[in-house]
Amino acid sequence: MDTLYSEKNRVLRRSVRSFCEREIMPIAKDIDQEARFPWEVVEKMGKLGYFGIQVPKKLSGAGMDSVNYTIVIEEISRVCAGLGLCVTVHNSMAIYPIMGFGTGEQKQKWVPSLARGEKIGAFCLTEPNAGSDATAIEATAIRNGDHYVVNANKVFVTNGGVADICIIFVRTDPDAGRKGTSVIVAERGTPGFVVGDIEDLSGMRSNPVSSIRLYDCKVPVENLLGREGSGLKIGLQALDVGRIGIGAQAVGIAQAALEEAVKYANQRRQFGVPIAKHQAIQMMIADMATQVDSARLMVTRAAYLKDHGKPFTKATAMAKLHAGEVSSQVADMAVQIHGGYGYSKSYPVERYYRDARVTRIYEGTAEIHRMVIAREVLNEYK
Ligand code: CAA
């Protein structure tokens, strides 16, 4: 697997791993149990460029490509998936739409502080009645002179509790159906911008996932991204990019589960030998390692295609689908190898098991991904 990467990729991986093991690993269990967002680490990550991974240096970013992006996300998620989630959503779902569709002025206004990690970004699409069906959103932004009056109820917003700059999907023309969807950028602190309670989630607990509500919130017209009616395309394009990051996150969780399972299998003795000597355990370890490698290869391929300006929707959907399923299966086998201890909070594998589960749900469920892949394949061979 390692030969796939350049020396620069490997140096980056080593440096991110060393930071994560030094700064995040010691607190990963506690921030999960306390559901605490670790600002002290986030500040350091900002200084290292993790919050502006693909942003050009002139806008205060690290100027890396997508393959390096997957390496950073995988390594953070290997240690703490909740922080991996924060970083991937911030980079792909908040910064990317501004970089991809914003004007020069909009980029100058929002991107540098996001890229330095001084401000945190969020992507607000999901609503109580709109999840997989992104076209069903009910939020509205009605133009009134030089501003929009925005009313929205966004739920399950990753980074919601700490986000300063939010990408909000709204209807600017409620009668135009899916063609009336637009994207506006709303900033925390604007009157009418309300952060709801933090969700008490099963996994990803260090991420302050919350609802965000806008009540008659006046947002300047300059905060519209792209043009009115282009919201669905912006959202789906951002999701194509974001899903590479979720795939990388899933690989990171699976990698961690594999490593813990091997460590435990070599320590735990039953029937007079370490359980790693038993063939039943070896079969699981072989399957886990093969699955992790296959998921990483697929995620890297999707990132490579994006970096080379090739279509990557299908490759990304396949990578995210596969990595999400691999992550759950590998974490499940890691729990199985740990036996009763795997079901206890004394060992990290139960956290991986909880964290892995949502990678098959957010940024498009496994079922939506099968739909996207089937559409592409049916189109390809017709
Ligand atoms: N890139 C750019 N444009 C795209 C696109 C893509 N990948 N896919 C479709 N489009 C365009 C289409 O060309 C079409 O444009 P026209 O109207 O001009 O023809 C338009 O977008 C609508 O496309 P579809 O007709 O294919 O739309 P659809 O209603 O059939 O839905 C879908 C397609 C794949 C199901 C899509 O709705 C989808 O991906 N849904 C899942 C949404 C999702 O991931 N939700 C959760 C995200 S938020 C989150 O998870 C929170 C977090 O922070 C982690």
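Residues numbered from 1 in each chain as written. Predicted model: local features only at pLDDT ≥ 70, side-chain atom pairs only at ≥ 80, totals over all residues. Heavy atoms only, no water.

With that settled, the discussion passes to the packing of helix 1 (residues 7-34) against helix 3 (residues 66-79). Taken N-terminus to C-terminus, the directions of helix 1 and helix 3 make an angle of 25°; their axes are 8 Å apart at the nearest point. In this view, helix 1 runs roughly parallel relative to helix 3, as classed from their interaxial angle. Where helix 1 crosses over helix 3, the two elements pack in a sense that is right-handed. Along the contact surface, helix 1 presents Asn9, Leu12, Arg13, Val16, Arg17, Cys20, Glu21, Ile24, Met25 and Ala28, while helix 3 presents Val67, Asn68, Ile71, Val72, Glu74, Glu75, Ile76, Arg78 and Val79. (Axes fitted to C-alpha atoms, helices over the stretch in contact; angles between N-to-C directions. Helix = DSSP H or I, 4+ residues; strand = E, 2+ residues; numbered from the N terminus. Parallel < 35°, antiparallel > 145°, perpendicular 65-115°, else oblique. Left-handed = near helix turned anticlockwise from the far one by under 90°. Contact = heavy atoms within 4.5 Å.)

Okay, the pairing of strand 1 (residues 121-124) next. Residues of strand 1 alternate between two faces, with Gly121 and Phe123 on one and Ala122 and Cys124 on the opposite face, all of them buried. In terms of strand pairing, strand 1 meets strand 4 (residues 165-171) through four bridges, oriented parallel. Its bridge partner being in strand 4, Ala122 is matched across the sheet by Cys166. (Buried < 20%, exposed > 50% of the residue type's maximum accessible area, 1.4 Å probe, protein only. Pairing = 2+ DSSP bridges.)

Moving on to the domain arrangement of the protein chain. Here the domain parsing of the protein chain yields domain 1 (2-119), domain 2 (122-229) and domain 3 (232-380). For domain 1 and domain 3, the distance between their C-alpha centroids amounts to 20 Å. With 30 residues of domain 1 at the contact, the number on the domain 3 side is 33 residues. Taken together, both faces of the contact between domain 1 and domain 3 bury some 2400 Å²; the carbon and sulfur share is 62%. (Domains from an automatic or database assignment. Buried area = accessible area lost by both parts, 1.4 Å probe.)

Turning our attention to the pattern of salt bridges. Inspection of the entire model under this criterion finds 23 salt bridges. Taking the shortest distance from any N to any O, the salt bridge between Glu34 and Arg36 comes out at 3.5 Å. Taking the shortest distance from any N to any O, the salt bridge between Arg116 and Glu118 comes out at 2.8 Å. The structure contains a network of salt bridges with shared partners spanning Arg13, Arg17, Glu74, Glu75, Asp293 and Arg296. (Salt bridge = Lys/Arg side-chain N within 4 Å of Asp/Glu carboxyl O.)

With that out of the way, let us pick up the packing of helix 3 against helix 4 (residues 81-101). Interhelical geometry of helix 3 versus helix 4 gives an angle of 155° and a closest axis separation of 6 Å. With respect to each other, helix 3 and helix 4 are oriented roughly antiparallel. Counting all contacts with helix 3, which are made through Tyr69, Ile73, Ile76, Ser77 and Val79, the residues of helix 4 involved are Ala81, Leu83, Gly84, Val87, Thr88, Asn91 and Ser92. Looking at the contact of helix 3 with helix 4 residue by residue, the class counts come to seven nonpolar, five polar and no charged. (Nonpolar A, V, L, I, M, F, W, Y, C, P; charged D, E, K, R; others polar.)

We now examine the packing of aromatic side chains. Using the criterion set out here, one finds six aromatic pairs in the structure. Where Phe123 meets Phe169, the ring centres are 4.9 Å apart and the plane angle is 65°; that geometry is what we call edge-to-face. With Phe123 in strand 1 and Phe169 in strand 4, this residue pair connects regions lying 46 residues apart in the sequence. There is no split in this pair, since Phe123 and Phe169 are both buried. Put simply, the rings of Tyr264, Tyr341 and Tyr347 touch in pairs and so form one group of aromatic residues. Arg13 extends its terminal NZ or CZ atom over the ring of Tyr5, reaching a point 5.2 Å from the ring centre. (Phe/Tyr/Trp six-rings, centres within 6.5 Å; stacked < 30°, edge-to-face > 60°. Lys NZ or Arg CZ within 6 Å of the ring centre and 35° of its normal.)

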